[in-house]
Amino acid sequence: MNMDPLSLLLQPPVHYPVVPYMCTIFGGLRPGKMVLVQGRVSGTANRFQIDLQVGCSTRPRADVAFHFNPRFSSSETSVVCNTLHMEQWLHEVHHPGPQLRKGQPFLLLFLFLEDKIKVSINGQHLLDYPNRLPLCDVDTIGIHGDISVQGISFLCRNPFSDSITEYPVCQPLKLGNVAMTTPLSKTLPNGISEGHMTTVRGLASANPDEIVILLKSADFIPFKLTASFRDQTLLYSYLMGPRWAEPQEIQTPFFLFHAERFVQIHIFSETNGFRLAINGVPLGVFCPPVLDLKSINEIQINGSIKIYSFIC
Ligand code: GAL
C-alpha cells in the first residue's frame, strides 16, 4: 500500500484562472495522476497551448515535457504536440482535433501513465503522446493563448478499475452548484453490482464538523464512512441489525481531511465488501458480515463538504 504522505494530498482545483496562467503541480506528476481542464476556445482563436513543464524558468527556458498546442485555421483544427528540451523543439507531431472549435466549450483530460500521456476531449480519446522526458520531473502547468479557463483540477485515476475502462469517468467539476449541497442523496433503483464505483470529489467546509458517506438498502447500511474533524479520525462502520457495529478506525499517516481542502473518495463495491481509496491511495477493503449489493438503493453524503462531483 502506497502511504507516501505526499501522495495522500490532493491539490485544490483552480477556479477561473486568468490566462496566461502558470502554477506548480504539487508533488509533480506520477503515473495515475490526471489534470482536467474545463475551458472555452475564444471565438477568434488562432492558437492556445497547455504546457507540462519542468519548473518555470524563462532564461534558460524550462524544458516542456508535453506541449499541447491546438491551432485553428478557417477550415480545421490541428493539434501540434512537441517537447522542448534544452531550448530546442524536438520532432513535432500533428493530430486532427475537430472536437476543438472556436467559441466552443471543452473538457480536456490529461492522464499520465508510465510511458505516455493520454488526452481525451469531452470524454473521447484524442491522442497519445510518448513521454520523451521523465514524467517525475514535470511539476508545472502553463496555459497560454486564446482560451478562457473555468477550472483546472488535479485528480487521481481510481486505483481499482484499470481493466474496466481506459479513461476514468471524469465529469466536469460543478463548482458552487447549489444542487450539490449536502445532504445529497442518489437513489439507485436497480441496486448496485460487483465493480460498481462511487466517486465523490469536493472541498471540506471552512469550519467542518464531520463528513459522512452512506451506502444504504431499505433495511441495512452496509457501508458508513465517517471523517470526524473533532476526533481527527476516519471510521468505517455498518448497521446490519438493531445497533451500529463498533467503528473500525482506518489508519492513515495523518488525518486526510482538512478545512477548505479538496478530497477525492473512491468506493469500489465487491461481492463481500467495499474497497476505499482517498486521493488515489488505496486504504483497504471494508466488509460487513453479509452483503447483498443488489439491495443497495441509495448513496448519501452528509456533513461539512461542498460537493463538486458525485458519480455513482
Ligand atoms: C513552433 C512554435 C512554438 C511551438 C512549436 C512546437 O513553431 O513557434 O510556439 O508551438 O512550434 O513544435
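Residues numbered from 1 in each chain as written. Predicted model: local features only at pLDDT ≥ 70, side-chain atom pairs only at ≥ 80, totals over all residues. Heavy atoms only, no water.

1. Observations regarding the site of the ligand
Looking at the ligand, the residues that line it are R47, H67, N69, R71, N82, W89 and E92. Between the ligand and N82 there is a distance of 2.9 Å, counted from an oxygen atom to a side-chain nitrogen or oxygen. Considering the ligand on its own, with 310 Å² of exposed area, one finds that the protein chains cover 66% of that surface. Among the elements that take part in the shell around the ligand, strand β5 (residues 64-72) stands out by supplying 3 residues, more than any other. Classifying every residue of the shell around the ligand gives 1 nonpolar, 3 polar and 3 charged. (Near = heavy atom within 4 Å. Polar contact = N/O pair within 3.5 Å; in protein donor to acceptor, adjacent residues only side chain to side chain. Areas by Shrake-Rupley, 256 points an atom, 1.4 Å probe, with all protein chains shown as cover. Helix = DSSP H or I, 4+ residues; strand = E, 2+ residues; numbered from the N terminus. Nonpolar A, V, L, I, M, F, W, Y, C, P; charged D, E, K, R; others polar.)

2. Notes on the packing of aromatic side chains
Inspection of the entire model under this criterion finds 14 aromatic pairs. Measuring from ring centre to ring centre gives 5.7 Å for F48 and F106, while their planes differ by 5 degrees; the resulting arrangement is stacked. Of the two residues, F48 is situated in strand β4 (residues 48-53) and F106 in strand β9 (residues 105-112); the sequence distance between them amounts to 58 residues. By relative accessible area, which is 0% here, F48 ends up buried. Put simply, the rings of F223, Y236, Y238, F274 and F286 pair up and form one aromatic cluster. One residue, K186, lies across the ring of F310, its end atom 4.7 Å from the ring centre. When the ring centre of W244 is taken as origin, the NZ or CZ atom of K224, which lies over that ring, is 4.4 Å away. (Phe/Tyr/Trp six-rings, centres within 6.5 Å; stacked < 30°, edge-to-face > 60°. Buried < 20%, exposed > 50% of the residue type's maximum accessible area, 1.4 Å probe, protein only. Lys NZ or Arg CZ within 6 Å of the ring centre and 35° of its normal.)

3. Looking at the side chain of S237
Structurally, S237 can be placed in strand β18 (residues 233-239). Within the structure, S237 has its side chain in polar contact with the backbone oxygen of A245 (distance 2.7 Å). Not counting chain neighbours up to four residues away, the residues in contact with S237 comprise P222, F223, K224, W244, A245 and P247. (Contact = heavy atoms within 4.5 Å.)

4. Regarding the state of the cysteines
This structure, assessed with the given rule, holds 0 disulfides. Of all cysteine sulfurs, the one in C56 lies closest to C23, which takes part in no disulfide; the gap is 10 Å. Relative accessible area serves as the criterion here: at 12%, C23 is assigned to the buried category. No disulfide involves C136; its sulfur sits 16 Å from that of C156, the nearest cysteine. (Disulfide = S-S within 2.5 Å.)

5. Focus: the environment of Q248
Structurally, the position occupied by Q248 is in strand β19 (residues 248-249). Distance in space between the C-alpha atoms of Q248 and S237 is 6.3 Å, their sequence separation being 11 residues.

6. A few points about the domain arrangement of the protein chain
Frequently, the measure chosen for interface size is the accessible area removed from exposure when the parts meet. Taken domain by domain, the protein chain holds domain 1 (5-155) and domain 2 (184-311). Summed over both sides, the interface of domain 1 with domain 2 buries roughly 1,100 Å², with 74% coming from carbon and sulfur. It is L8, L10 and L155 that lose the most area in domain 1 upon contact with domain 2, and together they represent 55% of the buried surface on that side. Counting the contacts that link domain 1 with domain 2 gives 0 salt bridges. (Domains from an automatic or database assignment. Buried area = accessible area lost by both parts, 1.4 Å probe. Salt bridge = Lys/Arg side-chain N within 4 Å of Asp/Glu carboxyl O.)

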